[in-house]
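# Fold and geometry: a report
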Amino acid sequence: MTLLEVKNLRVEFPTRRGTLLAIDDVSFSIEPGEVLGVVGESGAGKSLTGTSIIGLLEPPGRIAAGEIWLEGERIDDIPYDEMRRIRGKKIGAIFQDPLTSLNPLYTVGKQLTETIMVHSDMTQTDASARAIELLSEVGIPAAKERIGSYPHEFSGGMRQRVVIALALCANPKLVIADEPTTALDVSIQAQIIALLKRLCHDHKTAVMLITHDMGVIAETADRVAVMYAGRIAEIGQVRDVIKHAKHPYTEGLMGSIPVPGHDVEQLQQIAGSMPRLTEIPEGCAFNPRCPHVRDKCFEVRPELMPTDGASMAACWIYEPEVARV
Amino acid sequence: MSDRPDPSATAPALLQVRDLAKHFDVSKGWLTRILENQPRQHLKAVDGLSFDIEKGETFSLVGESGCGKSTVAKLIVGLHTPSRGSIIFDGANIADATSHNEVATLRRRWQMIFQDPYASLNPRWRVRDIVAEPIRQFKLVNSAREIDERVGELLVQVGLSPADSAKFPHEFSGGQRQRISIARALSSEPEFLVCDEPTSALDVSVQAQILNLMKDLQRNLGLTYLFISHNLAVVYHVSNKIGVMYLGRLCEIATAKTLFRTPLHPYTRLLLDTIPDMDMTCRERTPVSGEVPNPIDPPSGCAFHPRCPLANERCRNETPKLRSEAESVVACHAVEENRHS
Amino acid sequence: MAENPLGETSRHDLLYRVFDSDLFYSFRKSPIAVISAITTLVFFLAAGLAPWLAPHNPFDPASLDLMDGFSPPVWEADGVSKFLLGTDDQGRDILSTIMYGSRVSLIVGFSAVIFSVVLGVGVGLLAGYLGGWMETVVMRLADVQLAIPAILVALMIDGIARILVPVHMRDVMAIYVLILAIGISDWPRYARVARGSALVERSKEYVSAARVIGLHPILIMLRHVLPNVLGPILVMATIGLALAVITEATLSFLGVGVPPTTPSLGTLIRIGNNFLFSGEWWITLFPAVALVVLVLAVNLLGDWLRDALNPKLR
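Residues numbered from 1 in each chain as written. Chains lettered and ligands numbered in written order. Predicted model: local features only at pLDDT ≥ 70, side-chain atom pairs only at ≥ 80, totals over all residues.

## Section: the pairing of strand S4 (residues 62-70) of chain A
Residues and elements named next belong to chain A. This is how the line gets drawn: By the convention used here, strands pair only if DSSP detects at least 2 bridges between them. Counting from the N terminus, the helices are DSSP H or I runs at least four residues long and the strands are E runs at least two residues long.
Note that strand S1 (residues 4-15) and S4 share 7 bridges and pair antiparallel. Among the inter-strand pairings, Val6 is bridged to a residue of S4, identified as Ile68. As paired strands, S4 and strand S5 (residues 73-74) are joined by 2 bridges and run antiparallel to one another. Each bridged residue has a counterpart across the sheet, and for Trp69 the counterpart in S5 is Arg74. Count of turn residues in the S4/S5 antiparallel hairpin: 2 residues, of which Glu71 carries a positive phi of about 50°.

## Regarding the interface of chain A and chain B
Where interface size is quoted, it is often the accessible area lost as the parts come together. Counted only if it meets this: Note on contacts: each residue gets a C-beta atom placed from the backbone, and two residues are in contact if those atoms are within 7 Å. Three classes are used: nonpolar for Ala, Val, Leu, Ile, Met, Phe, Trp, Tyr, Cys and Pro, charged for Asp, Glu, Lys and Arg, and polar for all others, with Gly counted as polar.
Each side of the interface is counted separately: chain A has 35 residues, and chain B has 32 residues. Per element, the largest residue contribution to the side of chain A that touches chain B is 6 residues, and it comes from helix H8 (residues 186-203) of chain A. For the side of chain A that touches chain B, the per-class residue count stands at 14 nonpolar, 14 polar and 7 charged.

## Looking at the nonpolar core
Formally: Throughout this description, the term nonpolar core refers to a group of buried Ala, Val, Leu, Ile, Met, Phe, Trp, Tyr and Cys residues whose C-beta atoms join them within 7 Å. Once C-beta atoms are placed from the backbone, each residue is buried if 20 or more other C-beta atoms lie within 10 Å of its own, exposed if 12 or fewer, and partly exposed for counts between those two.
Grouped together as the largest cluster of nonpolar side chains are 266 residues, with contacts concentrated most on A:Ala165, A:Leu209, A:Val226, A:Tyr228, B:Leu226 and C:Leu125. Residue contacts for B:Leu226: discarding those within four places in its chain leaves B:Ile53, B:Phe59, B:Ala73, B:Ile76, B:Val194 and B:Cys195.

## As for the packing of helix H7 (residues 150-164) of chain C against helix H8 (residues 170-202) of chain C
Residue and element names in this part refer to chain C. Counted only if it meets this: Only the stretch in contact is used when a helix axis is fitted, and all axes are lines through C-alpha atoms; the angle between N-to-C directions ranges over 0 to 180 degrees. Rotating anticlockwise by less than a right angle from the far helix to the near helix defines a left-handed crossing, while the corresponding clockwise rotation defines a right-handed one.
Where H7 contacts H8, the two axes come as close as 8 Å, and the packing angle between them is 145°. Here H7 and H8 pass one another in a crossing that is right-handed. Where H7 approaches H8, its residues Ala150, Val153, Ala154, Ile157, Asp158, Ala161 and Arg162 are matched on the opposing element by Arg170, Val177, Leu178, Leu180, Ala181, Ile182, Ile184, Ser185 and Asp186.

## Structural notes on the sheet that holds S1(A)
As summarised here, the arrangement of the 4 strands in space is S2-S1-S4-S5 (chain A), forming an open sheet in which the pairing is antiparallel. Both edges of this open sheet fall to strand S2 (18-30) and S5 of chain A, since each of them pairs with a single strand only.

## Some details on the packing of H7(C) against helix H10 (residues 217-253) of chain C
Residues and elements named next belong to chain C. We count it as follows: What sets the label is the angle itself: under 35 degrees gives roughly parallel, over 145 gives roughly antiparallel, 65 to 115 gives roughly perpendicular, and the rest give oblique.
Their axes nearest at 11 Å, the elements H7 and H10 cross at an angle of 55°. When the interaxial angle is binned, H7 and H10 end up oblique. Between H7 and H10 lies a crossing of right-handed hand. Together, Ala150, Ile151, Ala154 and Asp158 of H7 and Thr247, Thr250 and Leu251 of H10 make up the contact between the two elements. For the contact of H7 with H10, a count of residues per class yields 4 nonpolar, 2 polar and 1 charged.

## Considering the interface of chain C and chain B
At the interface, 17 residues of chain C touch 27 residues of chain B. The set of elements that each furnish at least two residues to the side of chain C that touches chain B consists of helix H9 (205-212) and H10 of chain C. If one sorts the elements of the side of chain C that touches chain B by residue count, H9(C) sits on top with 6 residues. Along the lines of polarity and charge, the residues of the side of chain C that touches chain B split into 7 nonpolar, 6 polar and 4 charged.

## Overview of the sheet that holds strand S2 (residues 42-53) of chain B
All names here are of chain B. Pairing in this open sheet of 4 strands is antiparallel, and the strands run S2-S1-S4-S5 from one edge to the other. Only two strands of the sheet have a single partner each, and these edge strands are S2 and strand S5 (92-93). Contacting strand S1 (15-25), S2 and strand S4 (84-89), helix H2 (residues 69-77) runs over the sheet at an angle of about 65° to S2.

## Let's talk about the environment of A:Gly252
With respect to the helices, strands and loops of the structure, A:Gly252 is situated in helix H11 (residues 248-255). Residue class for A:Gly252 comes out buried when judged on the 21 C-beta atoms lying within 10 Å of it. With 52 residues separating them along the chain, A:Gly252 and A:Leu304 place their C-alpha atoms 18 Å apart. Excluding its chain neighbours within four sequence positions, the residues that come into contact with A:Gly252 are A:Gln268, A:Ile270 and B:Ser205.

## A few points about the confidence of the model for chain C
All names here are of chain C. Note the cut-off: On a scale of 0 to 100, pLDDT captures the predictor's confidence in every residue.
Of all residues in chain C, 92% attain a pLDDT of 70 or more, and the chain-wide mean is 83. When pLDDT is averaged over each element of chain C, H9 comes out on top at 93 and helix H1 (residues 11-20) at the bottom at 62. With pLDDT under 50 throughout, residues 1-9 is counted as low confidence; its partners more than four residues away or in other chains account for 18 contacts. Of the two predicted TM-score estimates for the complex, the pTM is 0.85 and the ipTM is 0.86.

Here it is, written out as structure tokens:
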């Protein structure tokens with residue numbers, strides 16, 4: 001059974017200047033144990049997708065339409081208390097800034113044992129033992145001694161490991177990781193990514209990895225969804241999307257990433273910038289910047305459709321009726 | 001681009017840095033020290049850096065947090081005073097310039113671009129005033145109309161429009177603000193630009209635009225760049241020469257191609273290994289260990305020895321010096337003793 | 001929309017921007033803000049234009065008639081329409097004395113706030129931007145002064161000034177001394193906020209950019225840091241006005257404020273107090289109500305402004 005199913009999600013922000021549509025008809029699914037990368041630039045709506053799923057959307061933002069199903073049960077319209085029980089137990093979360101993800105006033109051990117006890121029937125002693133186990137598993141040396149340390153006594157990379165331990169301590173089926181490595185040094189990033197991959201593989205946990213860093217996706221994800229202006233532009237296996245990008249935006253994105261060994265004088269540039277939420281064009285949101293734009297792109301918004309490759313893209317180039325030239 | 005012939009092989013380098021060091025006193029307050037019986041604490045942010053930058057080239061300093069690369073940038077433009085060492089710009093030691101005029105003349109020749117597009121422009125000033133500030137400060141042009149014209153020219157040069165000069169920074173996106181920063185930097189007609197992580201806060205496609213712009217400007221205006229970054233892929237793309245820093249010291253200096261083809265220092269190799277595998281070759285990765293140590297209390301000898309697979313007794317006790325090795329300059333005992341491979 | 005080649009927007013476009021701005025939107029959506037603003041405006045106008053608007057000039061001895069004294073408000077049995085709110089013992093019209101009194105209160109209040117702000121922000125900026133011993137000395141001075149109630153500080157300065165000023169100059173100088181006293185009593189609050197803001201702004205990169213081109217530190221403070229510090233200061237100054245008016249009223253009530261020739265609302269309350277128990281309640285009540293309404297309106301306006309300017313609450 002599909003672990004997570006998002007159908008036609010629509011997230012709005014009512015403001016005095018009208019309603020802003022931050023996520024516009026987004027659908028995707030995550031199978032148990034798979035890593036889905038959600039990649040996009042700032043303002044594309046990827047973080048919002050994560051917060052909507054986990055039920056932490058800040059008012060006045062609200063889910064205006066669509067359904068979110070977790071393990072066959074709907075979770076977008078349930079009351080707060082029910083969602084609270086699901087959070088942590090079935091869905092874990094890892095956010096960007098390890099410093100603010102942990103409560104500075106409580107020891108790491110207390111935060112872990114508290115979370116474990118809330119979501120299981122363990123006693124304090126058992127939960128404590130499990131916490132030490134978890135800390136070792138995430139690679140914190142001398143876990144038994146460090147269980148009594150406060151968050152500020154750890155370095156950035158160590159703190160993020162603790163956050164990962166916290167996210168996994170109740171054995172959730174799905175972990176939503178929002179930019180988990182952006183605030184870390186590159187050498188630590190590589191360590192954390194490797195850790196996340198290994199743990200999720202060992203615990204059979206699925207991951208929704210939200211990031212702007214294509215490199216992280218290339219290393220970690222099985223499938224990837226590329227978001228643009230609140231919509232999914234392309235979705236498919238990581239290898240396909242990265243090496244054989246089908247949507248012009250993805251193509252442009254991949255071309256703008258410098259790669260050592262690929263010597264170019266100028267990086268590929270996508271003219272203009274992502275439209276603001278108040279200025280999303282009619283039809284395909286990418287039409288002002290697209291090198292392959294045609295008339296239909298200005299009128300009708302494309303849905304995700306099969307392409308001549310393995311991934312799906314929301315682009316009229318792959319319109320079935322149009323004859324291939 | 002990385003192997004372009006040196007345009008000024010005979011002329012002295014535009015910038016020469018010799019044994020540059022900056023120590024910060026991070027001791028606790030006097031009373032606290034007395035009561036807790038603690039000694040003074042010093043942070044050696046930069047500890048003896050030497051390198052040259054030739055006219056017209058792009059030299060990059062790359063490293064992780066705490067390595068001191070931003071401090072180097074600030075030392076060169078005069079935001080910090082060096083604790084030791086000398087900075088020689090176009091043959092003249094900048095510490096020798098004492099009179100107000102001398103200092104002003106020197107200051108005109110370089111400029112700086114900063115990392116955070118949201119903090120590098122005064123939110124209460126209009127773009128026109130922001131870009132014109134260096135022009136006014138150095139009295140390059142006199143009438144208000146001429147200043148406006150020049151500002152318009154500069155904005156066009158960086159890909160914006162003259163009409164943008166009446167707006168405020170918050171009306172622009174991150175990439176556009178960075179363009180405004182570049183316009184401001186160019187307004188005093190400098191020869192040398194210090195760029196402190198100019199694209200780190202930008203999205204990847206915007207980064208490509210800004211990097212392309214910077215390359216164009218370099219070609220059209222004959223600029224020399226000191227480029228600071230933690231992103232090796234970006235650094236490969238823009239640089240002629242690259243210096244790798246770790247905890248305030250240089251590990252290796254080489255041309256971009258040489259550094260990536262034959263990295264010698266173990267830390268360089270570690271860094272290169274962290275570059276994502278965009279070609280999806282699923283290459284083997286050597287597992288990385290440890291974290292960057294606290295710069296206030298650095299390891300003895302070679303600062304990298306706790307994390308280095310090739311560390312021996314000498315590495316623990318003796319700080320390695322930069323030495324020429326093949327086409328690079330490396331500070332590593334293992335390289336010197338030929339233990340690397 | 002008129003535009004010159006550089007795309008400058010014309011004046012009426014600026015007006016449009018003000019009225020369309022988020023700040024104005026939050027203003028017209030808040031009934032309290034609108035009412036407070038109108039009330040404050042009415043007071044300012046009444047006080048500012050008192051010589052032209054007031055029905056009588058209560059401080060012109062020639063126009064006074066003792067026979068008019070102790071006349072109650074117009075809605076009472078013996079009230080006359082000539083004196084809407086009644087008269088005091090000397091025959092002065094209460095409404096007019098309130099208008100003239102507000103004038104004095106507001107002049108002293110405004111001047112004191114301007115003095116506090118200039119002193120506090122100036123010193124706070126220097127302390128925050130330059131740091132070092134200057135910062136330590138100034139902030140400890142502020143700390144010490146904040147430990148002493150403002151009224152006492154004002155009293156102290158007033159007392160010292162009285163000793164220093166020769167007797168025949170006392171009445172003339174009294175207002176200036178009072179402004180000085182109230183001004184000095186409130187500078188630490190502004191200094192603290194200005195210093196905090198200066199600390200935050202000086203580490204921002206636009207300040208570094210100004211330093212790179214060699215701009216003098218004082219110019220950097222004035223041109224770059226000061227405009228960014230003024231936001232919270234404005235809010236404090238609005239509430240500071242209310243505070244200054246109350247302080248002045250207290251001092252005048254105690255008899256050490258403005259001289260009796262130019263009474264403020266506080267003086268009026270004091271004078272009226274003498275007659276409270278003999279039944280002429282209106283002489284003290286109306287000036288007191290006026291004071292309360294003025295201070296309340298200004299306070300509420302300041303509260304709204306603080307919430308409206310707080311980016312986190314928007």
